[in-house]
Amino acid sequence: MTLPAADQQSIDVASHRHAVAIAEGVYWIGALDAALRRFDIILSTANGTTYNAYLVKGSDGVAIIDTVKENFSEEFFARLESVCDYRDIRVIVLNHLEPDHTGALPELMRRAPQAKLYISRRATSMLKALLKPGAEQLDYTTVTSGDSVSLGDRHLRFLHTPFLHWPDTQCSYLEPHGILFSGDIFGCHYCDRRLFNDRVGDFRFSFDYYYAHIMRPFKAHLLEAIKLIEPLQLKQIAPSHGPILRDRPRRYLSRYRELSIPTLSPDIGQRELTLIIFYISAYGNTAAMAAAINAGAEEQSGVRVSLYDLEGGEVEPFVDLIEAADAVLFGSPTINGDAVKPVWDLLSSLAVVNLQGKLGGAFGSYGWSGEAVRMIEDRLRGLKMRVPLEGIRIKLIPTLHELKSCQTFGREIANDLRGRQAAMI
Ligand code: FEO
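Remember, predicted model here, so these are calculated numbers, not experimental data.

A. Just the sheet that holds strand S19 (residues 327–331), in detail. Read across the sheet, five strands follow the order S18-S17-S19-S20-S21 without closing on themselves; strand pairing throughout is parallel. The open sheet terminates on both sides in strands that have one partner only, identified here as strand S18 (303–309) and strand S21 (392–395). Strand-to-strand, the axes of this sheet are offset by a mean angle of 15°, without reference to chain direction. Bridging between S19 and strand S20 (residues 359–366) involves five bridges; their strand directions are parallel. Pairing of Leu 329 across the sheet is with Gly 361, part of S20. Sheet contacts for helix H9 (residues 285–298): strand S17 (273–279), S18, S19, S20 and S21; angle to S20, the most-contacted strand, approximately 145°. This element, helix H12 (residues 372–382), spans S19, S20 and S21 of the sheet and lies at about 165° to S20.

In structure tokens, the structure reads:
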């Protein structure tokens, strides 16, 4: 019995032994990791993932694009061997050097020693760190936008797309086939042996979830990458995780653009800056400080101030607010020598957004030692925020005089915010 081509492809993927053709002379030679439930410690992978690697046959040699996580090497090599001889491999392109894509690289280099490596400039130190010892003798070529490598009747053009997801990342584009090998960009953790976006299950959640955790902190870089990708004739996007996007691939470009363009509430004027004050209070003292800081900040025109009590324990919606804000203050009492958990919960959720250069500050009432304010300030600096004013610590109940100091603190924060904007203009 002859199976329909689509069914045969699923069988080839599931067999762990066969390459799958995605275009003429272009093959998927990756691996399925259906059992994975956590990736890079921080991501849930309810559907597992795939490590996608590709093989391109040209009239003048074969290119391998990325490899797989080390413990999936056997599957990768079996698929590779089903369509090519190691002696024909002339080019190895590494779009991204994280170990989930370079685990099989040392063995591939051993089996195809004549192949030349093509990496981005920023990947050099990572490559040396990955392949030590022996890194001194490495033979590789660094490439960037505008560079390409010929395989005879077809060639791979490189696109410099740093920080998506590491500083080393690049994309490679196969001409004339219109296939973008996009590395982590446009990927998702979704394991389905049907492999192609028009055949797998509904992976929209996984696509957006992956964006939120991997790409979101680098929106500015992503918008730059989109500018490079936009003019390409895109027949397929072949990412390094999840489904191959062959059906209307531009939809995924649009989705990334939609998720990456900064949004400003229509209620906030274009020339207004936003300051958000988060606080939590055990006996009302830190709350009183927050109210006084709020009053002081509101004296400054052109700054829209918002006050939020963290008592409810919300985190997710506040991450969005903080990403859009110009300045953020955190108020916490000190309990057992520490800031309190709802504050840390929020602060520890901010790694997914870019806070570089935003203004930050801290305040809080304390009973004995008052460490919370300094701890929060350290965290804000660690998130690359600017902390221009030393935070306010008040022992127990603030006096009227101390509340005045809080008001002054709020006013100065707002002034700093306005001053900075004026300087930028
Ligand atoms: Fe899939 Fe950033 O590695």
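B. Just the pairing of strand S14 (residues 170–175), in detail. For S14, the buried fraction is high: five of the six residues fall into the buried class. Pairing of strand S13 (residues 155–160) with S14, which is carried by six bridges, proceeds in the antiparallel orientation. Note on S14: the bridge partner recorded for Phe 158 is Ser 172. Sheet analysis places S14 next to strand S15 (residues 179–183), joined by three bridges and oriented antiparallel.

C. Seen up close, the packing of helix H7 (residues 219–229) against helix H8 (residues 250–260). Interaxial distance between H7 and H8 falls to 10 Å at its minimum, and their mutual angle equals 150°. Seen along the crossing, H7 lies across H8 with a hand that is left-handed. Residues Lys 219, Leu 222, Leu 223, Ile 226 and Ile 229 of H7 pack against Leu 253, Tyr 256, Arg 257, Leu 259 and Ser 260 of H8. Taken together, the residues of the contact of H7 with H8 break down into seven nonpolar, one polar and two charged.

D. Just the nonpolar core, in detail. Grouped together as the largest cluster of nonpolar side chains are 62 residues, with contacts concentrated most on Phe 76, Leu 80, Ile 89, Phe 186 and Tyr 256. Per-element tally for this core: the top contributor is helix H6 (residues 204–215), with five residues. Formed by 28 residues, the second largest nonpolar core is a distinct cluster that contains Val 340, Leu 347, Val 373 and Val 387.

E. Spatial organisation of H6. The end-to-end C-alpha distance of H6 is 15 Å, a good match for the 16 Å that twelve residues give at a rise of 1.5 Å each. The set of residues buried in H6 consists of Ser 206, Phe 207, Tyr 210, Tyr 211, Ile 214 and Met 215. One face of H6 carries all of its buried residues, which in axial projection span an arc of 135°. Counted as exposed and oriented over 90 degrees from the buried face of H6: Arg 204 and Phe 205. In this structure, the buried residues of H6 make contact with strand S5 (43–44), H7 and H8.

F. A look at the packing of aromatic side chains. This model, assessed by the stated rule, comprises 17 aromatic pairs. Summarising the aromatic geometry, the rings of Tyr 51 and Phe 72 are spaced 5.2 Å apart at their centres and angled 50° between planes, so their arrangement reads as tilted. Taken together, the residues span a long stretch of sequence, with Tyr 51 in strand S6 (residues 49–51) and Phe 72 in the loop between strand S8 (61–65) and helix H2 (73–81) at a distance of 21 residues. On the basis of relative accessible area, Tyr 51 is assigned to the buried category, the value being 0%. Judged by its relative accessible area of 15%, Phe 72 falls in the buried class. Put simply, the rings of Phe 186, Tyr 190, Phe 203, Phe 207, Tyr 211, Tyr 252 and Tyr 256 touch in pairs and so form one group of aromatic residues. The cationic tip of Arg 246 hangs over the ring face of Phe 196; the distance from NZ or CZ to the ring centre is 3.8 Å. Here the guanidinium or amino end of Arg 393 rests over the ring plane of Tyr 366, the centre of that ring lying 5.2 Å away.

Thresholds applied
- Counting of residues starts from 1 at the beginning of each chain's written sequence and follows it residue by residue.
- Local features in this predicted model are restricted to residues of pLDDT 70 or higher, and side-chain atom pairs are both shown and tallied only at a pLDDT of 80 or more, whereas totals for entire chains, interfaces and linings draw on every residue.
- Side-chain numbers here rest on the full set of heavy atoms in the structure, without hydrogens or water.
- Two strands pair if DSSP finds at least two bridges between them.
- Secondary structure counts use DSSP, requiring at least four H or I residues in a row for a helix and at least two E residues in a row for a strand, with both numbered from the N terminus.
- Only the contacting stretch of a helix is used when fitting its axis, a line to C-alpha atoms as for every element, and angles between N-to-C directions run 0 to 180 degrees.
- The contact criterion used is simple: two residues touch if any of their non-hydrogen atoms lie within 4.5 Å.
- Between buried and exposed lies partly exposed: a residue is buried under 20% and exposed over 50% of the maximum accessible area for its type, with that area taken using a 1.4 Å probe on protein chains only.
- Here is the rule for handedness: rotate from the far helix to the near one, and if that takes an anticlockwise turn smaller than a right angle the crossing is left-handed, while a clockwise turn gives right-handed.
- Gly is placed with the polar residues, together with every amino acid not listed as nonpolar (Ala, Val, Leu, Ile, Met, Phe, Trp, Tyr, Cys and Pro) or charged (Asp, Glu, Lys and Arg).
- Each nonpolar core is a collection of buried residues, namely Ala, Val, Leu, Ile, Met, Phe, Trp, Tyr and Cys, held together in the definition by side-chain atoms within 4.5 Å.
- In this scheme, a helix's expected span is set at 1.5 Å multiplied by one less than its residue total.
- The arc in question is the one spanned by the directions pointing from the helix axis to the C-beta atoms.
- Any pair of Phe, Tyr and Trp rings, taking the six-membered ring for Trp, is counted once the centres come within 6.5 Å. Such a pair is stacked with planes under 30 degrees apart, edge-to-face with planes over 60 apart, and tilted for the rest.
- Look at NZ for Lys and CZ for Arg. If either is within 6 Å of the ring centre and within 35 degrees of the ring normal, a charge sits over the ring.

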